[in-house]
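# Overview (structure and organization)
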Amino acid sequence: LKDTQYRRHMESVKMRLSRARLRVSSQLSEVGIMPWMEPAAGIFLWCRLPSGIDAAAVARHALTKNMVLAPGNIFSQGQTSSGFMRFNVSQCDHPEMIKILKEGIAAAQCSS
């Protein structure tokens, strides 16, 4: 841990995560999924889905496409976060992610 190599490695990780967070945030906003708050660091984005969209419905659709998403209510003891989703920016490089999210949102709108 005292080695400067480790420090350089951690700086590199921070920079890659920062770039990923900005890229993913931008991609999500294109489909109306907006970060609830912009974190200064870290691997997660906590996002609000378009009004009236149930995150669990979007996650169920994504599972049919072999993509695992994290709907907000799995993090909410009071089950009050159905309109939110948590994204791990280090895992959001699937080339079809935005397409699958668009389809999931459309499917959730139809089932409402």
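Summary of the structure given here. (Residues numbered from 1 in each chain as written. Predicted model: local features only at pLDDT ≥ 70, side-chain atom pairs only at ≥ 80, totals over all residues. Heavy atoms only, no water.)

## Considerations on unusual backbone geometry
Just so we agree on the cut-off: Under the DSSP-based scheme used, a helix requires at least four consecutive residues in state H or I and a strand at least two consecutive residues in state E, with every element numbered from the N terminus. Remark: exposure states derive from per-residue accessible area (1.4 Å probe, protein chains only) relative to the maximum for the residue type, with buried under 20%, exposed over 50%, and partly exposed in between.
The phi dihedral of Asn66 is positive, around 65 degrees, even though this residue is not glycine. Looking at the secondary structure, you find Asn66 in the loop between helix H2 (55-64) and strand E3 (70-71). A relative accessible area of 73% places Asn66 in the exposed class.

## Some remarks on the nonpolar core
As a reminder, the rule being used: Definition of nonpolar core: a set of buried residues of the types Ala, Val, Leu, Ile, Met, Phe, Trp, Tyr and Cys, connected through side-chain atoms within 4.5 Å. Whether two residues are in contact is decided by their heavy atoms: any pair within 4.5 Å suffices.
In terms of nonpolar packing, the biggest core is built from 27 residues, with Leu28, Ile33, Val58, Leu69, Met85, Phe87 and Leu101 touching the most fellow members. Secondary structure elements with two or more residues in this core: helix H1 (4-29), strand E2 (44-48), H2, strand E4 (84-88) and helix H3 (97-111). Looking at this core element by element, the count peaks at six residues for H3. Setting aside its immediate chain neighbours within four residues, Ile33 contacts Leu28, Cys47, Arg48, Leu49, Pro50, Phe87, Leu101 and Ile105.

## Remarks on the sheet that holds E4
Basically, it comes down to this: Being paired, for any two strands, means DSSP has found at least two bridges between them. For every element, the axis is a line fit to its C-alpha atoms; helices are fit only across the contacting stretch, and the angle between N-to-C directions ranges from 0 to 180 degrees.
As summarised here, the arrangement of the four strands in space is E1-E2-E4-E3, forming an open sheet in which the pairing is antiparallel. Pairing within the sheet leaves two strands with one partner each, and these edge strands are strand E1 (34-35) and E3. Relative to E2, E1 runs antiparallel, the two sharing two bridges. Within E2, the position partnered with Pro35 by the bridge is Cys47. Against the sheet, H1 makes contact with E1, E2 and E4, and its axis sits at roughly 15 degrees relative to E2, the strand it touches most. Contacts from H2 reach E3 and E4, with the element oriented near 45 degrees to E4.

## Considerations on the side chain of Ser25
The cut-off we apply is this: Polar contact is the term for a pair of N or O atoms within 3.5 Å; when the atoms are in protein, one must be able to donate a hydrogen and the other to accept it, and sequence-neighboring residues count only if both atoms are side-chain atoms.
Mapped onto the secondary structure, Ser25 falls in helix H1. Residue classification places Ser25 among the buried positions, given a relative accessible area of 9%. A distance of 3.3 Å separates a polar atom in the side chain of Ser25 from a polar atom in the side chain of Glu38. Apart from the residues lying within four places of it in its own chain, the contact partners of Ser25 are Pro35, Glu38 and Leu45.

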